Amino acid sequence: MEENKYAEMSHSGDEIQEPRGDQQKRKDRWKKGIIDKINRTNLTKSVTMYNPQTKKTIKGEICIYRVPDKLRQVQEDAYHPRVVSIGPFHRDTHNLEAMKQYKWSYMVSLFQQSKDQEDTEASWRCLEACINVIYGLDEMIRQCYAEKINCTEDELAEIMLVDGCFILELFLRFDRSLNYMKLEDFEIDPVLKSPWMITALQHDLGLLENQIPFFILELLYDTIRPHVIKREPPKSVTSLALKFFPPMSQKSIEKEQVAAEFKHLLDLLHQFYYLPAAATGAHDLSIEFNDRASLISEIEHSSASPCSRELDDQETNKSSGFSSCASELLESGIELQVGSSTEDQLLEITFSEGVIRIPQVYIHETAPSVLCNLVVFEQCSISSTHGVTAFAFLMESLIRSTRDINLLTRKKIFRHNWIGSQEYSTEFRNTLKEVVTKNDSYFATLYKEVNDYRKSYQWSRLQVFLRVQYQRQRGILCTTYFSTTWKVISLLVAVTFLLLSAIQTYYTINPHH
């Protein structure tokens with residue numbers, strides 16, 4: 001009977017109900033799994049800690065991100081290290097393995113720079129001090145990365161120690177004014193003697209994915225400096241780092257640069273060369289999220305970074321900038337001049353009396369990749385001012401052809417020693433296609449003032465317009481009639497015949513003369 005009853009229930013599509021006790025156990029297991037996942041999800045935005053050895057409060061907050069795939073596909077080399085891996089993201093990349101031996105060699109050399117080269121005890125004491133100051137910061141270090149770091153506490157501490165010491169030794173060796181190395185040692189250094197290697201390292205240390213927290217460099221530098229440095233280096237690692245990277249503007253670097261709170265080396269460049277929004281009253285540009293409340297959990301999720309979202313909102317992806325390029329602005333009567341102050345930061349772009357003043361921009365081989373990484377850094381950062389993104393859109397609107405680049409170079413707004421300066425505009429123009437911004441712009445007031453001025457009728461604008469038209473017509477005349485010797489001779493012959501014809505006509509009409 002029982003078997004027939006169950007057979008009829010199966011045939012009718014009904015399911016046998018699970019015993020009440022088993023169902024409760026399954027529910028408890030499921031609930032425990034949910035609770036475990038919640039406990040593993042870190043909703044903390046930042047972690048602070050007071051270090052009694054250095055008497056400083058250090059702060060760990062999310063600041064190192066993965067580059068979104070859509071941006072990486074535009075220009076892979078702009079976001080990927082060439083020779084050295086810094087931090088945990090690229091530690092297993094095969095083509096960067098060769099640099100590992102140099103990182104260890106640089107670290108050993110850093111510990112051996114005591115007054116007495118034979119004093120191995122001093123080197124060991126320095127190593128011990130560095131280990132003590134680094135070990136135990138595992139939670140703060142992991143807090144700085146936007147995705148889960150799949151390595152043990154010991155492995156992560158080793159990465160911070162080796163990479164941090166390598167960077168410090170590299171900065172000290174690179175600054176020749178410190179006389180940190182003897183000339184004969186400098187001549188045989190395989191890293192510093194290769195111009196290509198230096199450029200590659202400057203590129204790699206400016207990548208968003210290739211960073212370690214800046215407080216690691218500060219802790220190591222403060223620990224090492226009194227132990228091993230033979231000569232008097234700067235008190236802060238900030239000026240050492242700024243001197244290593246090619247300058248981005250005229251802003252001078254002080255020997256004892258005022259220390260500030262930097263998240264990593266890329267953030268150092270961001271804050272040093274660009275003004276914060278609070279100083280300019282600029283509007284904020286930021287990524288648009290469908291659900292802002294889910295941002296923190298998205299950041300902490302083990303399989304995605306906060307920037308790995310689709311950036312397909314075409315309505316919010318409209319480029320900000322001038323409606324006309326640099327050459328068209330000049331032809332319409334608006335002058336372009338370089339900013340006069342050597343303290344100008346790159347966002348101090350002003351407009352007055354028909355003149356747009358732009359601080360001088362230094363263009364070098366690593367400039368495009370640094371700019372692209374700064375834009376991505378701003379797009380990923382929740383609290384960023386997004387000034388670099390606005391600056392990139394402004395420059396992209398000014399540069400639409402080689403003619404514009406030549407104009408900005410002639411006006412000394414661009415200063416470059418790199419033959420590929422054309423890529424400065426093309427690379428970040430491609431990047432900006434995938435960048436999402438709000439309609440309000442950092443330079444909204446500037447754009448409005450320029451557009452209103454173009455519609456007005458002022459004597460200063462008319463003067464610039466007439467001068468530009470005169471120069472253009474003179475250029476056309478020189479190109480058409482004076483570009484070669486034969487053209488000049490032909491023109492002179494034609495003018496001579498024209499004069500003779502005029503004289504002949506005159507005497508024909510007036511024979512009595």
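Here, every reference points to the structure presented above.
Scoring rules and cut-offs
- Residues numbered from 1 in each chain as written.
- Predicted model: local features only at pLDDT ≥ 70, side-chain atom pairs only at ≥ 80, totals over all residues.
- Heavy atoms only, no water.
- Axes fitted to C-alpha atoms, helices over the stretch in contact; angles between N-to-C directions.
- Helix = DSSP H or I, 4+ residues; strand = E, 2+ residues; numbered from the N terminus.
- Parallel < 35°, antiparallel > 145°, perpendicular 65-115°, else oblique.
- Left-handed = near helix turned anticlockwise from the far one by under 90°.
- Contact = heavy atoms within 4.5 Å.
- Pairing = 2+ DSSP bridges.
- Buried < 20%, exposed > 50% of the residue type's maximum accessible area, 1.4 Å probe, protein only.
- Core = buried A, V, L, I, M, F, W, Y, C linked by side-chain atoms within 4.5 Å.

Colleague: Which residues make up the packing of helix α7 (residues 153-174) against helix α11 (residues 237-244), and what values do they have?
Modeller: Look at α7 against α11: their axes get within 9 Å of each other, and the N-to-C directions meet at 70°. Here α11 runs roughly perpendicular to α7, going by the angle between their axes. The element α7 and its partner α11 pack so that their crossing is left-handed. When α7 is examined against α11, the residues L168, L170, F171, L172 and F174 are found in contact with a partner set consisting of V237, L240, A241, K243 and F244.

Colleague: Break down the sheet that holds strand β5 (residues 355-358) for me, with residues and values.
Modeller: If you walk across this open sheet you meet the three strands as β3-β5-β4, and the pairing is mixed. With one partner strand each, in any of the chains shown, β3 (335-338) and β4 (350-352) form the two edges of the open sheet. Between one strand axis and the next, the sheet turns by 25° as a mean value, whatever way the strands run. Where β4 and β5 come together, three bridges link them in antiparallel fashion.

Colleague: Got a sec to walk through α11? Specific residues and values, please.
Modeller: Among the eight residues in α11, seven count as buried, and that is most of the element. Where α11 is concerned, the buried positions are V237, T238, S239, L240, A241, L242 and F244.

Colleague: Could you give an account of unusual backbone geometry, with specific residues and numbers?
Modeller: Although it is not a glycine, E353 sits at a positive phi angle of roughly 55°. Looking at the secondary structure, you find E353 in the loop between β4 and β5. Despite not being glycine, K412 shows a phi value in the positive range, around 65°. Within the secondary structure layout, K412 lies in the loop between α18 (402-410) and β7 (414-416). Of the residues examined, K412 reaches a relative accessible area of 56% and is grouped as exposed.

Colleague: Any chance you could break down the nonpolar core for me, citing the residues and the numbers?
Modeller: L201, L205, L265, Y274 and I356 are the most contacted members of the largest nonpolar core, which totals 121 residues. For Y274, the contacting residues outside a window of four places in its chain are M248, L269, Q345, L346, L347, L371, L374, V388 and F391.

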